[in-house]
Amino acid sequence: MVRFILIRHGETEYNKLHIFQGQFDSKLSELGYKQAEMVARRIASEFDVDAIYSSDLSRAVNTARAISRAVGLDVTTDPAFREVDVGSWMHQKVSDALNSAPSLAREQKEHPGTFRYPDGETLLEVYERASAKIEEIAKYSDGKTVVIVAHGGTIRSLAIKWLGYHIDEYHRLPPVPNTSITVVEYEGGKFTPVLIGDNSHVKK
């Protein structure tokens, strides 16, 4: 059995302002760095970690580095764990993008997993690239605990599929806040989520 601990990166300025960031390399906010230290302390105290992977975007890398310092392991980055590419909606306030394109906003609401962002990706494609990489890691990680620092859309796309739902059934998932922990066990070719979006370590 392999235990995967999926962690969303800390808060960014774009998160605070509700702006689409997608694969833009936005930076952690001051709070985001504090959240990274909080989740690092939790990981070090609750788990015996064998490896750390991260999206190559700096908001994830800097969150992973806090964990790296806490547990004494290096970070391996991989673009497979990046956030969904939101295409031409990048840098736009979420409300502005949705209000300017009512038909696209309706499609995104009704089919969030298969909706293709203008000039970008679908969350189903995010699931496919991230899941393929995780299965590859699992092949040589039996008996280990592996941390992966990624993004909200990436983690949600994985979790909803691993729970056995259609990619468009996002309403079935709890939120995945900044630096929240999602724990998944992999055995016999099956992923079983045991904890989703827990951020009880974050002090308000």
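Residues numbered from 1 in each chain as written. Predicted model: local features only at pLDDT ≥ 70, side-chain atom pairs only at ≥ 80, totals over all residues. Heavy atoms only, no water.

**A few points about the overall build of the protein**
The condition that has to hold: Working definition: helices are DSSP H or I runs of at least four residues, strands are E runs of at least two. Numbering for both runs from the N terminus. Based on C-alpha atoms, the radius of gyration is set beside the globule rule, defined as 2.2 Å times the residue count to the power 0.38. A simple rule labels every residue: compare its accessible area, found with a 1.4 Å probe on the protein chains alone, to the largest value its type can have, and call it buried under 20%, exposed over 50%, or partly exposed in between.
Within the protein, the secondary structure is distributed over seven helices and six strands. For the protein, the sequential pattern of α-helices and β-strands runs β-α-α-β-α-β-α-α-α-β-α-β-β. Relative to the globule expectation of 17 Å for 204 residues, the C-alpha radius of gyration of the protein, 16 Å, shows essentially globular dimensions. Across the 204 residues in the protein, those meeting the buried criterion constitute 54%.

**Examining the sheet that holds strand β5 (residues 181–187)**
Two strands in a sheet stick together by hydrogen bonds in their backbones, pointing the same way (parallel) or opposite ways (antiparallel). We apply this condition: The pairing criterion for strands is at least two bridges between them, as found by DSSP. Lines are fitted to the C-alpha atoms to define the axes, a helix being fitted only along its stretch in contact, and any angle between axes, read from their N-to-C directions, falls within 0 to 180 degrees. Should any heavy atoms of two residues lie within 4.5 Å, those residues are counted as being in contact.
Read from one edge of the open sheet, six strands run β3-β2-β4-β1-β5-β6, paired in mixed fashion. Whereas interior strands pair on both sides, the edge strands pair on one side only; in this sheet they are β3 (75–77) and β6 (190–198). Going across the sheet, the axis of each strand differs from the next one's by a mean of 20 degrees, ignoring polarity. Strand contacts of helix α6 (residues 123–139): β1 (2–8), β2 (51–54), β4 (145–150), β5 and β6, with the helix running at about 140 degrees to β1, the strand carrying the most contacts. Helix α7 (residues 152–162) contacts β1, β4, β5 and β6 of the sheet and is inclined by roughly 140 degrees relative to β1.

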